[in-house]
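Secondary and tertiary structure notes
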Amino acid sequence: HTVADCPDMAERMVRLWMHRARLAVAASDCRLLDTFLPEMMQIGALTLIPASASLLASLLRSPQNARVDVEVWRRCADDDDQDGVLDVPSLADAQEAVESLANQASMYSSNLWDLLSRTASYLSELEVSAVQAGCLVSNDRNRFLSDCADLSYHLPMDPAS
């Protein structure tokens, strides 16, 4: 089943969470952050950070915090099992994947927040320049700040930094 096959909004949301869970499991299992975050910090490509922060924030969102309907999750998992889908995550599996990924990311927390802070300043400067030039301003900075707020739930900033 795909999200497009689901007329019920609750089932669509569960399918989205299942997809995120599979991505979080894959990212955690291959230790993606152990390669990805140090590389991003080394190259310091601030233009790539908003998309990277958005991906990480999305993967760290917890289906339990979203109050996903457990019964709908079970029904979707059963449907997937019957259809022969491999690696159907349970709600507990999804939560475990988020926690595992958050633990991996926490090793880079202070460096990550330094990078996010520099990126926020960079985006603010771009916005000021655009306004001064009479250009339309996008919502990139607001989306980025929203993702940073989501990240702060799993990766609290060190008060000393």
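Look up a bit, the structure's there.
It should be emphasised that the depicted structure is a prediction, and the values quoted were computed from it without experimental measurement.

Rules of the game
- Residues numbered from 1 in each chain as written.
- Predicted model: local features only at pLDDT ≥ 70, side-chain atom pairs only at ≥ 80, totals over all residues.
- Heavy atoms only, no water.
- Phe/Tyr/Trp six-rings, centres within 6.5 Å; stacked < 30°, edge-to-face > 60°.
- Lys NZ or Arg CZ within 6 Å of the ring centre and 35° of its normal.
- Axes fitted to C-alpha atoms, helices over the stretch in contact; angles between N-to-C directions.
- Helix = DSSP H or I, 4+ residues; strand = E, 2+ residues; numbered from the N terminus.
- Parallel < 35°, antiparallel > 145°, perpendicular 65-115°, else oblique.
- Left-handed = near helix turned anticlockwise from the far one by under 90°.
- Contact = heavy atoms within 4.5 Å.
- Nonpolar A, V, L, I, M, F, W, Y, C, P; charged D, E, K, R; others polar.
- Salt bridge = Lys/Arg side-chain N within 4 Å of Asp/Glu carboxyl O.
- Buried < 20%, exposed > 50% of the residue type's maximum accessible area, 1.4 Å probe, protein only.
- Expected span 1.5 Å × (residues − 1).
- Arc of directions from axis to C-beta.

Some details on the packing of aromatic side chains
Tallying each qualifying case throughout the model produces zero aromatic pairs. R20 extends its terminal NZ or CZ atom over the ring of W17, reaching a point 4.8 Å from the ring centre.

A few points about the packing of helix α2 (residues 32-43) against helix α6 (residues 109-132)
In contact at an axis separation of 10 Å, α2 and α6 are set at 45 degrees when each is read in the N-to-C sense. It follows from the interaxial angle that α2 and α6 lie oblique. In the crossing of α2 with α6, the sense of the turn from one axis to the other is left-handed. Between α2 and α6, the contacting residues are L37, M40 and M41 on the first element and N111, L112 and L115 on the second. Residue composition of the contact of α2 with α6, grouped by class: five nonpolar, one polar and no charged.

Examining the pattern of salt bridges
The final tally for this structure, using the stated rule, is 10 salt bridges. The closest approach of N and O atoms between R74 and E71, which form a salt bridge, is 2.9 Å. In this pair, R74 and E71 are both assigned in helix α4 (residues 70-82), three residues apart and thus about one turn of the helix distant. Judged by relative accessible area, which is 46%, R74 ranks as partly exposed. Here E71 falls in the partly exposed class, since its relative accessible area comes to 48%. The shortest N-O distance in the salt bridge between D114 and R118 comes to 3.4 Å. Placement of the pair is D114 and R118 together in helix α6, with a separation of four residues, close to one helical turn. With relative accessibility at 41%, the residue D114 sits in the partly exposed group. Within this structure, D8, E11, R15, R22, R75 and D80 form a network of salt bridges that share partners.

Considerations on α2
An ideal rise of 1.5 Å per residue puts 16 Å on 12 residues; α2 measures up with 17 Å between its terminal C-alpha atoms. Looking only at α2, the buried set comprises L33, L37, M40 and M41. End-on, the buried residues of α2 take up no more than an arc of 95 degrees, which puts them together on one face. The outward face of α2, more than 90 degrees from its buried face, is lined by the exposed residues T35 and Q42.

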